[in-house]
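Read off the chains here:
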Amino acid sequence: MSSRCHNSAVTRCEPSRDGKLLLTSSTWRSPLSVLWSVGTAVELKCPFENDYHVEFSKMSQDRVVGTKEHSAAIYDVSTGQELLTLKNDEMANNYNRNQATFNPTDDLVLSDGILWDVRARNPIHKFDKFNANISGVFHPNGLEIVSNSEIWDIRTFHLLHTVSALDQCQIIFNHIGDVIYGAIIEEEEDSTAIEDHVKSPFGSSIRTFDASDYSNIATIDIKKNIFGLCTDKSDCYLAIIENQVVSRDEYASESICRLYEVGRSKVDDDDDDDDEDEDEEDNDMDATDDDDEDLDEDSTDDDEEEHDDDDRNSSSDYYDIPTEEEEDEEGDGDEEDGDEEEEDVDVDGNEDDEDDDEDVLFSLNDGSTSSFH
């Protein structure tokens, strides 16, 4: 199934847990975000005209929180109606890439570095701003907020850790909550040099972290501009939205969602390829051995034929058959001895024997017969 959902590059996809709903966001052109109903076909359920980032509530998924610069709005999924706007101009941090998000129990929202109580509709605390881009997300344990490289305690609002490897990473947690995936944001040398709708929000690298102590596991460059990350429920796969920005005036209008298998290294693939190559080499060696055997058999047959020819030639040396002139000389010599009648009989007898000798047959090794005269 495929469907055209936006007129610009898709930057985010989030399906509901039951698979019946889908949130998508794009880089430009209204509506920036859309809620889709997924069944036999994909149908538009609710557009969010100016919300460049939207996501489901964590626990019940009956609400959607959208982001418009430093303000956030909460919508009802069934009706699409706006339920609440979270905005305070006096407390605003004005993060460049603010993304409002629910906590694991859906009673708190973090937006633009401000912690909001959804039920009371009031701001609870404003966290100090240490970077220009990342507002922060809730840890799945519900006790911490990860704001760029700073780890904050929600209970005391104290700074717990500073993790430099998390700097400029827009992060997501896997389903279990023990691994963090982070897309590295590209630094803007000149914000006016390239328009926002042709810039990738991230670079081409992703980082992985241990969610318990925030230690860095690995950094992977996928050679494509990253627009979004998503993990599956089994934590076996990672989906990455990729798009190739060529220049300010030229970029790939179609985004690609590529699926990666977690825990499978490229070395494993290379080993599999090596095994296949070894199998092919073994097959080639077997074929070569068969060819050698055929060649040996052919050479053996040739040797046998040469041997038969030698036997044939040597056999003619052993059979000394007299000629007619020799027979006549023998007959004349016998007549001179005076016993003409007996000699005639003997000569006739010898001639009969010689005629029999002329029909001597010699059997060859290959089963054929030849007559020597």
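Residues numbered from 1 in each chain as written. Predicted model: local features only at pLDDT ≥ 70, side-chain atom pairs only at ≥ 80, totals over all residues. Heavy atoms only, no water.

Broken down by element type, the protein carries three helices and 25 strands. Out of the 373 residues in the protein, the part that is buried amounts to 36%. Contacts spanning at least 24 positions in sequence make up 41% of the contacts within the protein whose residues lie at least 6 apart. Split by element, the accessible area of the protein, about 22,200 Å² in all, is 44% carbon and sulfur. (Helix = DSSP H or I, 4+ residues; strand = E, 2+ residues; numbered from the N terminus. Buried < 20%, exposed > 50% of the residue type's maximum accessible area, 1.4 Å probe, protein only. Contact = heavy atoms within 4.5 Å. Areas by Shrake-Rupley, 256 points an atom, 1.4 Å probe, with all protein chains shown as cover.)

Turning our attention to the confidence of the model for the protein. Taken over all residues, the pLDDT of the protein has a mean of 76, while the share at 70 or more is 62%. By mean pLDDT, the top-scoring element of the protein is strand E10 (residues 108-111) (98), and the lowest-scoring one is strand E24 (residues 361-363) (32). The low-confidence segment residues 312-321, where pLDDT is below 50, has nine contacts with residues more than four positions distant or belonging to other chains. (pLDDT = per-residue confidence, 0-100.)

By the secondary structure assignment, Thr67 is in strand E6 (residues 63-68). Contacts of Thr67, omitting those with residues within four sequence positions, involve Asn50, Asp51, Tyr52, His53, Asn98, Gln99 and Ala100.

Strand order in the open sheet formed by four strands is E5-E6-E7-E8, and the pairing between neighbours is antiparallel. Because the sheet does not close on itself, it has two edges, and the strands there are strand E5 (53-56) and strand E8 (82-86). Strand-to-strand, the axes of this sheet are offset by a mean angle of 20°, without reference to chain direction. Bridge count for strand E7 (residues 71-76) against E8 is four bridges, and the pairing is antiparallel. (Pairing = 2+ DSSP bridges. Axes fitted to C-alpha atoms, helices over the stretch in contact; angles between N-to-C directions.)

Residues Val146, Ile151, Leu166, Ile171, Phe173, Ile180 and Tyr214 are the most contacted members of the largest nonpolar core, which totals 13 residues. Elements with a minimum of two residues in this core: strand E17 (169-173) and strand E18 (179-184). With sequence-adjacent residues up to four places away left out, Ile180 is seen in contact with Ile171, Ile172, Phe173, Arg207, Thr208, Phe209, Ala211 and Tyr214. (Core = buried A, V, L, I, M, F, W, Y, C linked by side-chain atoms within 4.5 Å.)

With that settled, consider unusual backbone geometry. A cis amide bond, omega -5°, links Ser30 with the succeeding residue Pro31. The topology assignment puts Pro31 in the loop between strand E2 (21-26) and strand E3 (33-38). In the Ramachandran plot, Arg29 falls in the positive-phi region, its phi being about 75° despite a non-glycine side chain. Looking at the secondary structure, you find Arg29 in the loop between E2 and E3. The class for Arg29 is partly exposed, based on a relative accessible area of 45%. For Asp112, which is not glycine, the phi dihedral falls at a positive 55°.

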